[in-house]
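# Structure assessment
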Amino acid sequence: MVDYSVDRNLAILGINNPPVNALSFHVREGLFNGIKQANADRRVEAIVITGKGKTYCSGADIREFSIPSAGKGLVTLGHRIEDSDKPVISAIHGNALGGGLEIALFSHYRVANKNAKIGFPEVLIGLLPGAEGTIRLPRVTGLAFAMDAIASGRRFDAQEAHKHGILDTICDGDVLQEAKAFSKKIIGQPLDQRRLSKTHVKDAADVDIKFEEALAQIKRKYRGLIAPILCLKSVRNSAKMSFDEAAAEEMRLFGELLTSSQSIGLRYSFFAERSAPKWKLPCGACADNTTPVDVKTTGVIGAGTMGSGIAVCLIRAGIPVILVEKNQKMLDQAIKTISRILTGSVKLNRMTEKQREHSLKLLKGASTLDELAGVDMVIEAVYENLELKREIFHQLDKICKSSTLLCSNTSTLDIDNIASATQRPDKVVGTHFFAPAYIMRLLENVYGTKTSPTTVATVMELGKRIGKICVLVKTCYAFVANRTNQPFGAEASFMVEEGALPQDVDTVLENFGMPMGPFKVSDLSGIDVGWRIRQEVAKALGLKLTLETRYRMGERITTLADRLYEMGRYGIKTGKGWYRYEPTNPRKPIPDPDVAKMIQKHCMDMGIERRNIPAQEVIERCLFSAINESFRVLEQRIAEKPEDIDVIWQYGFSFPRYGGGPMFYASQVGLKKVFEKICIFHEQFPYSSHWVPSDLLRKLASHSTEIPMDKWTQFISSSKL
Ligand SMILES: CCCCCCCC/C=C\C=C\CC(=O)SCCNC(=O)CCNC(=O)[C@H](O)C(C)(C)COP(=O)(O)OP(=O)(O)OC[C@H]1O[C@@H](n2cnc3c(N)ncnc32)[C@H](O)[C@@H]1OP(=O)(O)O
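For every chain, the first residue of its written sequence is number 1, and the numbers climb from 1 along that sequence. A pLDDT threshold of at least 70 governs which residues receive local features in this predicted model, and a stricter bar of 80 or more applies before side-chain atom pairs are shown or counted, although totals over entire chains, interfaces and linings include all residues. Side-chain numbers here rest on the full set of heavy atoms in the structure, without hydrogens or water.

Going by what an unreviewed UniProt entry lists, the protein chain is known as Peroxisomal bifunctional enzyme and is assigned to Plakobranchus ocellatus.

Written out as structure tokens, the structure is:
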């Protein structure tokens, strides 16, 4: 794991632990022994620590954090490096992150390739740099930079690191050669001032003011997160305490964070996000054995909000788009909107003006489907109407070349049904984007019974190309995202009918960690949008809708949102919805007594007795109903693994990353407890089918010990436990 070699007067310690050269136990051991060996070797005058392969070192092995006190050896190793009698040079290429950067800061000198990326990303997994990173970095860079870098976890480039004194030199070419040349300048120089533990924080006198400034900023930016605050406190200690005291306190804070539920959730999310794109089909095809088709040109049908947003994603990634819209006014408007969105990206420094101009050149408007004859992929994004979509797919099948993939941005409709309108069901697939498509990272790709592995591989690859987190799911009504989210929203509304107010429910869920409660989200996305969907569904089912009912087709419903619609309260766009909005601050929701009155009247008319709804009930009814549906989705193999559902909730519905997602949350609460509560709710609310307990959950909950998440799917087909 660490290759030891001697080149003339230099010992070279090469970290060799692909893919990211994480500091696993054997790497730490190898470095420790290597430093010892080099110090004992008479030929050696200096030691170079370098990384084999693509990178220097990406930090501690995150999986090892689940093993008690696994990280401890890193500090011991660090002291061995710093105490070395012979100078130690870290030669950095690729990444020097977390514990990797700490190894570099224990070293006496640091040289790097100009493309190297440096940083302390520990905070992103709910930790702080626990091997003296928070004590050493301020000694090099000063407090302001250290506070920002450590509490944000951002990666910065070699130039910035050099500017702040982290790197002694940067080079264009091979960093090992540079380190060899550099060693000639420093061999024989005194080492004491190069040992950071012997130095001081230069701007220590300003620590209180800098701390308060940084604290105010991170409290605004990272609401509810503990790690950024402890990161700052530890950097503050570096200026207020002796080195050893600050280091001991850093270790204590690290230990506190390591066992915190936030860090456990964030570490789970780190791996869940990486496991989601590793798709697998029931036929055995998977990401590793299937080659995607190269998509060079695309078409998007429909220039509404979704179509325009999807077009932005594609052109921004350098993929040409023909945007088809038969309504010329809408098309013109969409092109203006797209241009405006890209201008916004330039203002936010997310792209340059030149890139914006180039992207816009890739966009072409068209009024008929015929223009799509030669494209490699079409994404249909018209409104949610099965007949309309089938008709479009039927026409596309005739117009497009035989290799063109036909994708639908449906959020609910059966992909098999849409595919059956074509002669190429193997090339039909769902690509469900989330609004606003140019911002939301999730892409829920949906395969049908006949979708080919190549088609799946192609949409998964395209998603990655346009910067999305892709999850693959099987077709069914509403797929995974909307299907598992539906009970969450329904329970929120039922509780308003039973006694809560929209702001009560929103506040509880926001305190839980959701950035916005469901009623604020509903105002943002538009009450009229939901109303229109309900009308469409009713039309398709041949139902006549009325406001004076609590049940539809044997299911409990609430018509509260329809009543808002009838009042012309469509949400933010009309200044009134579940909340009211002042023209001076049109984004700030204000609880509205008129809404409370409407709810009271609705309850009186419907004979519903209102009661106090405790916060715990809000959380349990919203989350456990979603969890129950998620277990069904897993049981029916609509989602392949629980992590896929959690990633969908994080990136589609902004579930707090530290909470993991509904499945992870269930695992933390304990499946027995979740199941028992679901059974109680089922008895209490017999007319909501989302409370019928999932068989899979029942099986898992009846096991004598908690089954870990990675074993849940093994219980799908087992009849006994
Ligand atoms: C009481 C207790 C006292 C204890 C004493 C205190 C001592 C504490 C000491 C030290 C503390 C150190 C803290 C740390 O160093 S925490 C780790 C900091 N580093 C990171 O967070 C880096 C995370 N990784 C990344 O950001 C990226 O992976 C990156 C390195 C940028 C590479 O990106 P990319 O090329 O896109 O590759 P992937 O992300 O897909 O990763 C490839 C595979 O590698 C796995 N991986 C990556 N990083 C780690 C890691 N640090 N540990 C384990 N595994 C890692 C990743 O999961 C991928 O795996 P797979 O292919 O199976 O999916």
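Still more ground to cover, so stick around.
A few words now on the UniProt feature "domain: 3-hydroxyacyl-CoA dehydrogenase C-terminal" (unreviewed entry) in the protein chain. According to UniProt, the feature "domain: 3-hydroxyacyl-CoA dehydrogenase C-terminal" (unreviewed entry) maps to residues 479–581 and 618–703 in the numbering used here. Strands here are runs of E lasting at least two residues and helices are runs of H or I lasting at least four, both read from the DSSP assignment and numbered beginning at the N terminus. The span residues 618–703 is 69% helix and 0% strand, and its two end C-alpha atoms sit 28 Å from each other. UniProt positions are given in the numbering used here, feature names are shortened, and annotations may be inferred rather than shown by experiment.

Turning next to helix H25 (residues 642–653). The first and last C-alpha atoms of H25 sit 16 Å apart over twelve residues, in line with the 16 Å expected at 1.5 Å per residue. Across the twelve residues of H25, twelve count as buried, placing the element largely inside the fold. Taken together, the buried positions of H25 are Pro642, Glu643, Asp644, Ile645, Asp646, Val647, Ile648, Trp649, Gln650, Tyr651, Gly652 and Phe653. The contact definition used throughout considers only heavy atoms, calling two residues in contact when any of these lie within 4.5 Å. Residues of H25 that are buried sit in contact with helix H11 (261–275), strand S16 (442–447), strand S17 (469–474), helix H18 (481–498), helix H24 (615–635) and helix H26 (662–669). Directly beyond the C-terminal end of H25, a positive phi value near 55 degrees is found at Ser654. Expected span, for any helix, means 1.5 Å times one less than how many residues it has. In this scheme, a residue with accessible area under 20% of its type's maximum is buried, one over 50% is exposed, and one in between is partly exposed, where area comes from a 1.4 Å probe on protein chains only.

This next bit is on the site of the ligand. For this purpose, a residue is taken to be near a molecule or strand whenever a single non-hydrogen atom of the residue falls within 4 Å of it. If you check the shell around the ligand, you find 28 residues, and the closest are Ser58, Ala60, Gly99, Arg274 and Lys278. Backbone polar atom of Ser58 to a nitrogen atom of the ligand: 2.8 Å apart, as the coordinates give it. Throughout, the Shrake-Rupley method with a 1.4 Å probe supplies accessible areas, and for residues the shown protein chains are the sole cover considered. In isolation the ligand exposes 1200 Å². Once the protein is present, 75% of that is buried. For the shell around the ligand, the secondary-structure elements that each account for two or more residues are helix H3 (99–106), helix H10 (243–258) and H11. Each residue belonging to the shell around the ligand can be placed in one class, and the counts come to 13 nonpolar, eight polar and seven charged. In protein, a polar contact means a hydrogen-donor-capable atom and an acceptor-capable atom, both N or O and within 3.5 Å, with residues adjacent in sequence counting only if both atoms are side-chain atoms; elsewhere, any N or O pair within 3.5 Å suffices. Gly falls in the polar group here, along with every residue not listed as nonpolar (Ala, Val, Leu, Ile, Met, Phe, Trp, Tyr, Cys, Pro) or charged (Asp, Glu, Lys, Arg).

A pair of Phe, Tyr and Trp rings is counted when the ring centres sit within 6.5 Å of each other, with Trp represented by its six-membered ring. The angle between the planes then sorts it: under 30 degrees is stacked, over 60 is edge-to-face, the rest tilted. Applying the stated criterion across every chain yields a total of 18 aromatic pairs. Aromatic pair Phe512 and Phe655: ring centres 5.8 Å apart, planes at 75 degrees, arrangement edge-to-face. Linking Phe512 in helix H19 (residues 502–512) with Phe655 in the loop between H25 and H26, this pair joins segments that are 143 residues apart in sequence. A ring pair is formed by Phe631 and Trp712, whose centres lie 5.0 Å apart and whose planes are at 45 degrees; its orientation type is tilted. One end of the pair, Phe631, is in helix H24; the other, Trp712, is in the segment after helix H28 (695–701), and 81 residues separate them in sequence. Each member of the pair, Phe631 as well as Trp712, carries the same accessibility label: buried. By the ring-pair criterion, three or more aromatic residues cluster together here, those being Phe434, Phe488, Phe512, Trp649, Phe653, Phe655 and Tyr665. A positively charged side chain is recorded as over a ring if its NZ (Lys) or CZ (Arg) lies within 6 Å of the ring centre. The angle to the ring normal must also be within 35 degrees. Sitting over the face of the ring of Phe270, Arg274 holds its NZ or CZ atom 3.7 Å from the ring centroid. If you follow Arg556 out to its NZ or CZ, it ends over the ring of Phe494, 4.0 Å from the centre.

To continue, consider the packing of helix H9 (residues 227–240) against H10. Two elements in contact, H9 and H10, have axes separated by 9 Å at closest approach and are oriented at 170 degrees. Viewed along their axes, H9 and H10 adopt a mutual orientation that is roughly antiparallel. Counted together, Ala227, Leu230, Ser234, Asn237 and Ser238 of H9 and Ala246, Glu249, Glu250, Leu253, Glu256 and Leu257 of H10 form the full contact between these two elements. Counted by class, the contact of H9 with H10 contains five nonpolar, three polar and three charged residues. With axes taken as lines fitted to C-alpha atoms, and helix axes fitted only over the stretch in contact, angles between N-to-C directions fall between 0 and 180 degrees. For classification, angles of less than 35 degrees are called roughly parallel, those exceeding 145 degrees roughly antiparallel, those between 65 and 115 degrees roughly perpendicular, and all remaining angles oblique.

A few words on the sheet that holds strand S13 (residues 377–380). Strand pairs in the sheet, formed through backbone hydrogen bonds, run parallel or antiparallel to each other. Strands were regarded as paired on the criterion that DSSP finds at least two bridges between them. Strand order across the open sheet formed by eight strands is S12-S11-S10-S13-S14-S15-S16-S17, with mixed pairing between neighbours. With partners counted over all chains shown, the strands left at the sheet margins are strand S12 (363–366) and S17, one partner each. Adjacent strand axes in the sheet meet at a mean angle of 25 degrees when their direction is disregarded. Across four bridges, strand S11 (residues 321–324) lies against S12 in parallel orientation. Among the inter-strand pairings, Val321 is bridged to a residue of S12, identified as Leu363. Contacting strand S10 (298–301), S11, S12, S13 and strand S15 (428–433), helix H12 (residues 305–316) crosses the sheet at an angle of about 165 degrees to S10.

In this model helix H21 (residues 527–541) runs 21 Å from its N-terminal to its C-terminal C-alpha over 15 residues, within 8% of the 21 Å that 1.5 Å per residue would give. When H21 is considered as a whole, its buried residues turn out to be Ile527, Asp528, Trp531 and Ala538. The buried residues of H21 occupy an angular sector of 90 degrees when the element is viewed end-on, so they sit on one face. On its buried side, H21 packs onto helix H20 (518–525) and helix H22 (560–566). Our arc is simply the arc of the directions from the helix axis toward the C-beta atoms.

Checked against the element boundaries, Glu461 lands in helix H17 (residues 453–465). On the basis of relative accessible area, Glu461 is assigned to the partly exposed category, the value being 35%. As for Glu461 and Met306, which are separated by 155 residues in sequence, their C-alpha atoms are 20 Å apart.

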